[in-house]
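Coordinate inspection notes
Here is what each chain is made of, one letter per residue.
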Amino acid sequence: MVRGIRIPGVGALLRGTCTGALFAMVAVPAGIPLMIPALVPALAWHHGPDAVKALVFLVSWAVLLGVLGLADTTRRVLIGAGRRLLGVPLPLPAGRTRGADRWRTPLWVLLHTALGWATALPAGMLLLAGLVPVGVWLDLLGKPISSERLVWFGLVVRVHQGWPGAWVWPVAAGCVSLTLVPCAGSAAVLRLLAPRLLGPSAAERLAAAEQRELLLAGRNRLAQELHDSIGHTLTAATIQAAVAGELMSADPAAARAALLGIEQSARTALDDLDYVLGVLRAEAAGTAPARGLADLPALLDRLRHTGVVVESELSGEWAQLPSTLSREAYRILQEGLTNALRHGGGGPIAVRVAAGRAELELSVVNSPSGTRGPSGRRGRRGLIGLRERVRLLQGEVTAGPHGSQWRLAVRLPVRWSA
């Protein structure tokens, strides 16, 4: 370890070289079955020159290897083997390979096969050059090969048993060591090319980034739904439970009304929770509970069961608004009422909904318990989510002190479908 830089040991280098060479040479036996159909067009030309026959064979073999590389399964298998043997972090493709990216895998198959043979042939020759003399010296090969004379590519070598022939051992060690050269070279080339040919292309990385963005946006959306629904329900239920406890003896009817409000709020929250959990578990959760401004009177009645005075002013064609706008407006008012309950000073809450043909106006006004209104992590999170909803709807929102009161005002454009 030098200044935080990890220097790999000899064992790790040897292991990486061996696994990389193994990955390279796997292409040799994998490509041999395709040699048989590649020989057919070459052998069909009986009287052609041998050089032309060899060229036809190589071209036919390359075409068959390229066709094999067009299959998505081939790419997945190569990526899995490359991750395990080359140690290169290659992500599996999210879908089918399309367009120009389909030709990267056939190119990889051709290069992989060429490197496999370029590794296997010299490595095999070096191993034979080192181990055959040792076999002769040990008299392991019998008498078909002379114990004193070997011919290797025109070079005559005499091997004697005993100490005069002990030179075969350092030669064998040198030949075996030299096999690491083509192995290390092929492994290095494959590790260099794998991210470019087997890894994700720019288009695939962009598609994966967009998919992750959609996933995160969906999760943020679900978190916002949970915050709006469950947060409002818990706030209202806490206040209603306190009211029921105080009125249990003095006014049983009012206590029962408060308990009924808790039950209704809990049922509503359970519907939202079932939907969100179904989406998170990737189940067929159906559609989200469709609550819009038509459900606002019921929401206000549940708030009144807490003992809070709620003054509502509903005007315009708010019941005929587009469903998406109506649903988002309901959530915005629900968040504003939750903050009014949580941070209000116990005074009346004024709710106003004015729906026009071009604009929808929402407002929640209450007397805050302090001078700053909603504060703390939960209050800020709710306002951030509320502003995000309004921004997506291309509306305007203001939230802050308004004289001696706290006022939330939202203006949303109305877009009627043709």
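Source: prediction; values computed, not measured. Along each chain, residue indices are assigned from 1 in the same order as the chain's sequence is written. Reporting in this predicted model follows two pLDDT cut-offs: at least 70 for local features of residues, and 80 or more for side-chain atom pairs to be given and counted; totals over whole chains, interfaces and linings ignore these cut-offs and use all residues. Calculation of side-chain values draws on the structure's entire complement of heavy atoms; hydrogens and water are dropped beforehand.

Our focus in this paragraph is the overall build of the chain. Each helix and strand counted, the chain has 13 helices and 7 strands in total. Any two residues having at least one pair of non-hydrogen atoms within 4.5 Å are treated as being in contact. Contacts spanning at least 24 positions in sequence make up 70% of the contacts within the chain whose residues lie at least 6 apart. Counting every atom, the chain has about 24,000 Å² of accessible surface; 64% of that belongs to carbon and sulfur. By the criteria applied, helices consist of DSSP H or I runs no shorter than four residues and strands consist of E runs no shorter than two, each listed in order from the N terminus. Note that accessible areas follow from Shrake-Rupley with a 1.4 Å probe, and for residues the cover is restricted to the protein chains shown.

A positive phi is found at Q394, a non-glycine position, where the angle reads about 60°. By the element assignment, Q394 lies in the loop between α13 (376–392) and β6 (396–402).

Packing of helix α6 (residues 104–137) against helix α7 (residues 168–178) brings their axes to within 7 Å, and their N-to-C directions diverge by 160°. As the angle between them shows, α6 and α7 are arranged roughly antiparallel. The two elements α6 and α7 cross, and the hand of that crossing is left-handed. Note on element contacts: α7 touches α6 through V168, W169, A172, C175, V176 and L178, opposite L126, L127, A129, G130, P133, V134 and W137. Here the term charged refers only to Asp, Glu, Lys and Arg, the term nonpolar to Ala, Val, Leu, Ile, Met, Phe, Trp, Tyr, Cys and Pro, and the term polar to all other amino acids, Gly among them. Across the contact of α6 with α7, the residue classes break down as 12 nonpolar, 1 polar and no charged. Helix axes are fitted to C-alpha atoms over the stretch in contact, other axes to C-alpha atoms as well, and angles between N-to-C directions run from 0 to 180 degrees. Here is the rule for angles: anything less than 35 degrees is roughly parallel, anything more than 145 is roughly antiparallel, 65 through 115 is roughly perpendicular, and the remaining ranges are oblique. A clockwise turn of the near helix away from the far one marks a right-handed crossing, whereas an anticlockwise turn of less than a right angle marks a left-handed crossing.

A separate point is the packing of aromatic side chains. Stacked, edge-to-face and tilted labels apply to pairs of Phe, Tyr and Trp rings (six-membered ring for Trp) whose centres lie within 6.5 Å, assigned for plane angles under 30 degrees, over 60, and everything in between, in that order. All chains considered together, the criterion is met by 2 aromatic pairs. Between F23 and W108 the ring centres are 6.3 Å apart and the planes differ by 40°, which places this aromatic pair in the tilted class. Of the two residues, F23 sits in helix α1 (residues 10–25) while W108 sits in helix α6, which places them 85 residues apart along the sequence. Residue F23 is classed as buried on the basis of its relative accessible area, which comes to 2%. Accessibility expressed as a relative area gives 0% for W108, which makes it buried. Working definition: with a 1.4 Å probe on protein chains only, accessible area under 20% of the residue-type maximum means buried, over 50% means exposed, and in between means partly exposed.

Counting 31 residues, the largest nonpolar core has L293, L360, L362 and L412 as its most contacted members. Of all elements in the fold, only α11 (296–304), α12 (323–343), β4 (349–355), β5 (359–366), α13 and β7 (405–413) reach the threshold of two or more residues within this core. For this core, the element with the most residues is α12, which contributes 8 residues. When sequence neighbours within four positions are dropped, the list of residues in contact with L360 reads L293, L321, L325, A329, V353, A354, A355, V410, R411, L412 and V414. For our purposes a nonpolar core is just a set of buried Ala, Val, Leu, Ile, Met, Phe, Trp, Tyr and Cys residues, chained together by side-chain atoms within 4.5 Å. Among the nonpolar cores identified, the runner-up in size contains 20 residues, and F23, M35, L90 and V109 belong to it.

This paragraph deals with the packing of α1 against helix α8 (residues 180–197). With their axes 8 Å apart at the nearest point, α1 and α8 run at an angle of 75° to one another. As summarised for this structure, α1 and α8 are arranged roughly perpendicular, according to the angle between their axes. Between α1 and α8, the contacting residues are L14, G16, T17, T19, G20, A21, F23 and A24 on the first element and L180, C183, A184, S186, A187, L190 and R191 on the second. Of the residues in the contact of α1 with α8, the class split is 9 nonpolar, 5 polar and 1 charged.

Before going further, it helps to examine the environment of V132. Summarising the element assignment, V132 is placed in helix α6. Residue class for V132 comes out partly exposed when judged on its relative accessible area of 24%. Taking the C-alpha atoms as reference points, V132 and V168, separated by 36 residues in sequence, lie 9.2 Å from one another.

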